[in-house]
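Here's the letter readout for the chains.
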Amino acid sequence: MRVLLACLLAWALPLGAQDYPSRPIHVIVPFTAGSATDIVARLIGERLNAAWGQPVVVDNRPGAGGTIGIAQTAKADADGYTLAVVSTGHVVNDVLYKDLPYDTLGDLSGVAPLASLPSVLVVPPSLGVRNVKELVALAKAKPGELNYGTAGVGSAAHINSEKFNVAAGIKAVHVPLKGTPPILNETMGGRVQFAWVPSLSSIGLLKDGKLLALAVSTPARVAALPEVPTIAETGYPGGEFNFWLGMLAPAKTPRNVIARVNAEVNKALKLPETIERLAKLGAEPMSMSPEEFDRFIRREHEELGKVMRDAGARPQ
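Let me begin by describing the structure that accompanies this report. Predicted model only: the values in this text are computed from it and were never measured.

1. Considering the overall build of the chain
So, step 1. When its secondary structure is counted, the chain shows 11 helices and 11 strands.
So, step 2. By the compact-globule yardstick of 20 Å for 316 residues, the chain fits well, its C-alpha radius of gyration being 20 Å.
So, step 3. Split into buried and exposed, the 316 residues of the chain put 53% on the buried side.
So, step 4. Counting only contacts in the chain whose residues sit at least 6 apart along the sequence, the fraction spanning at least 24 positions is 78%.
So, step 5. Taken as a whole, the chain presents about 13600 Å² of accessible surface, with 55% of it coming from carbon and sulfur.
So, step 6. When the 31 positive and 29 negative side-chain charges of the chain are each reduced to one mean point, those points stand 1 Å apart.

2. With respect to the environment of Asp107
So, step 1. Tracing the chain through its elements places Asp107 in the loop between α4 (93-96) and β4 (108-117).
So, step 2. In this structure Asp107 comes out as partly exposed when scored by relative accessible area, which is 30%.
So, step 3. Along the backbone, Asp107 and Arg309 are 202 residues apart, and their C-alpha atoms lie at a distance of 23 Å.
So, step 4. When near neighbours in sequence (up to four residues on either side) are disregarded, Asp107 contacts Ala74, Tyr102, Ala249, Pro250 and Ala251.
So, step 5. Here Asp103 takes part through its backbone nitrogen, which lies 2.8 Å from a polar atom of the side chain of Asp107.

3. A word on the packing of helix α2 (residues 36-52) against helix α10 (residues 272-280)
So, step 1. Relative orientation of the contacting elements α2 and α10 amounts to 170°, with a least axis distance of 12 Å. The orientation of α2 relative to α10 falls into the category roughly antiparallel. Between α2 and α10, the contacting residues are Val40, Leu43, Glu46 and Arg47 on the first element and Glu273, Thr274, Arg277 and Leu278 on the second.
So, step 2. The residue makeup of the contact of α2 with α10, split by class, is three nonpolar, one polar and four charged.

4. Comments concerning unusual backbone geometry
So, step 1. The linkage connecting Tyr20 with the following residue, Pro21, adopts the cis geometry, with an omega of -5°.
So, step 2. Positionally, Pro21 belongs in the loop between α1 (2-12) and β1 (25-29).
So, step 3. Despite not being glycine, Ala64 shows a phi value in the positive range, around 55°.
So, step 4. Residue placement: Ala64 occurs in the loop between β2 (56-60) and α3 (67-75).
So, step 5. For Ala64, a relative accessible area of 35% corresponds to the partly exposed category.

5. Observations concerning the sheet that holds strand β7 (residues 173-176)
So, step 1. On the basis of which strands lie adjacent, the open sheet formed by five strands has the order β7-β6-β8-β5-β9 and mixed pairing. The open sheet has two free edges, formed respectively by β7 and β9 (212-216), since each of these has just one partner strand. Between one strand and the next, the sheet's axes are offset by a mean angle of 30°, whatever the strand orientation.
So, step 2. In the packing of helix α6 (residues 156-168) onto the sheet, the strands contacted are β5 (119-123), β6 (147-150), β7 and β8 (194-198), and the crossing angle to β6 comes to about 145°.

6. Considering the nonpolar core
So, step 1. Ranked by size, the top nonpolar core spans 61 residues in total, and within it Leu83, Leu96, Val111, Trp244, Met247, Val261 and Val265 carry the most contacts.
So, step 2. With seven residues, α2 is the single largest residue contributor to this core.
So, step 3. In this structure, Val265 is in contact with Ile44, Leu48, Ala112, Pro113, Leu114 and Met247, ignoring residues within four places of it in sequence.

7. Quick notes on the pattern of salt bridges
So, step 1. Overall, the coordinates contain nine salt bridges when judged by the stated rule.
So, step 2. Here Arg61 makes a salt bridge to Asp59, at a shortest N to O gap of 2.9 Å.
So, step 3. A relative accessible area of 32% places Arg61 in the partly exposed class.
So, step 4. A relative accessible area of 15% places Asp59 in the buried class.
So, step 5. A salt bridge links Glu276 to Lys280, with the shortest nitrogen-to-oxygen separation between them at 3.7 Å. Of this pair, Glu276 and Lys280 both sit in helix α10, four residues apart, which is roughly one turn of that helix.
So, step 6. Residue classification places Lys280 among the exposed residues on the basis of a relative accessible area of 60%.

8. Observations regarding the side chain of Asn93
So, step 1. By the element assignment, Asn93 lies in helix α4.
So, step 2. Among the residues examined, Asn93 registers a relative accessible area of 0% and is labelled buried.

9. A look at the packing of aromatic side chains
So, step 1. Here the structure, examined in full by the defined rule, presents nine aromatic pairs.
So, step 2. A centroid spacing of 5.7 Å and a plane angle of 25° characterise the contact between Tyr148 and Phe194, whose relative ring orientation is stacked. Linking Tyr148 in strand β6 with Phe194 in strand β8, this pair joins segments that are 46 residues apart in sequence.
So, step 3. On the basis of an interplanar angle of 75° and a centroid distance of 6.1 Å, the ring pair of Phe164 and Phe194 is categorised as edge-to-face. Within this pair, whereas Phe164 is found in helix α6, its partner Phe194 is found in strand β8, the two being separated by 30 residues in sequence. Here Phe164 and Phe194 have matching classes, each one buried.
So, step 4. Here a set of aromatic residues connected by ring pairs shows up, and it is made of Tyr148, Phe164, Phe194, Trp196 and Tyr236.

Conventions adopted
Residues numbered from 1 in each chain as written. Predicted model: local features only at pLDDT ≥ 70, side-chain atom pairs only at ≥ 80, totals over all residues. Heavy atoms only, no water. Helix = DSSP H or I, 4+ residues; strand = E, 2+ residues; numbered from the N terminus. Rg over C-alpha atoms; globule rule 2.2 N^0.38 Å. Buried < 20%, exposed > 50% of the residue type's maximum accessible area, 1.4 Å probe, protein only. Contact = heavy atoms within 4.5 Å. Areas by Shrake-Rupley, 256 points an atom, 1.4 Å probe, with all protein chains shown as cover. Lys, Arg positive; Asp, Glu negative; His and termini not counted. Charge placed at Lys NZ, Arg CZ, Asp CG, Glu CD. Polar contact = N/O pair within 3.5 Å; in protein donor to acceptor, adjacent residues only side chain to side chain. Axes fitted to C-alpha atoms, helices over the stretch in contact; angles between N-to-C directions. Parallel < 35°, antiparallel > 145°, perpendicular 65-115°, else oblique. Nonpolar A, V, L, I, M, F, W, Y, C, P; charged D, E, K, R; others polar. Pairing = 2+ DSSP bridges. Core = buried A, V, L, I, M, F, W, Y, C linked by side-chain atoms within 4.5 Å. Salt bridge = Lys/Arg side-chain N within 4 Å of Asp/Glu carboxyl O. Phe/Tyr/Trp six-rings, centres within 6.5 Å; stacked < 30°, edge-to-face > 60°.

Listed below in structure tokens is the structure:
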């Protein structure tokens with residue numbers, strides 16, 4: 001009887017879920033190679049590859065605040081073989097893009113959050129400011145003359161910057177770029193005067209003195225940058241920001257496939273070597289069920305969408 005029941009249960013599984021994964025998995029990263037999203041996606045991809053014995057191919061599709069790669073994911077076959085790793089900016093794209101080719105909440109399902117990480121407010125040494133108050137004073141003395149770089153309209157860096165600009169009461173010019181590496185290059189070159197960038201992408205440059213860190217976005221200081229104050233400590237608590245990364249799938253992906261990926265991702269995030277590698281990058285693992293992650297995305301969509309609308313963001 002037990003054997004018969006097991007056979008019936010296996011027969012009842014959706015086609016493709018019984019032996020998932022049986023071929024390579026395609027993970028779309030809608031930002032450039034070397035960005036925080038890319039680094040964490042590749043780390044988790046290595047763990048999934050080791051667990052399943054199937055290649056996990058990371059495909060960078062940057063542009064338009066991540067919407068190009070996310071749209072490809074939303075339109076892909078809902079079989080678990082196309083996934084995406086996105087950042088916080090995903091939840092505000094429908095506020096910023098008039099003709100978004102997908103429904104943020106309706107066309108994608110949360111698989112698993114991956115990590116949260118602090119963002120760092122960086123400036124080039126040549127700017128001549130050494131703390132946040134000096135940067136704010138300079139921006140107020142030259143309204144509309146300072147540039148700030150982001151990974152595109154609606155990216156996490158854009159949301160973070162808008163929160164800071166509103167909290168500090170400054171006006172600056174938005175320079176949307178195609179990912180974190182270009183932000184860092186433009187800031188080091190002095191063409192961008194300040195930027196909020198993921199800690200994991202900037203720690204090396206900060207230690208080499210090529211950029212200066214003025215604050216971190218999190219409520220607590222970061223172990224990897226203990227001397228850098230929080231944005232609240234500098235007098236601007238309204239500038240705090242939670243930069244998270246998470247994995248999505250097309251909305252109609254079978255729930256048991258999503259559950260399997262979620263379970264394997266959560267296992268990977270608990271491995272000591274994963275925790276150690278994330279810690280060196282200033283990141284902390286996040287763990288939720290798919291249903292919890294979907295609810296989290298909906299809350300972020302509502303709260304951060306309001307932030308961008310209040311900041312005057314308009315669909316493009």
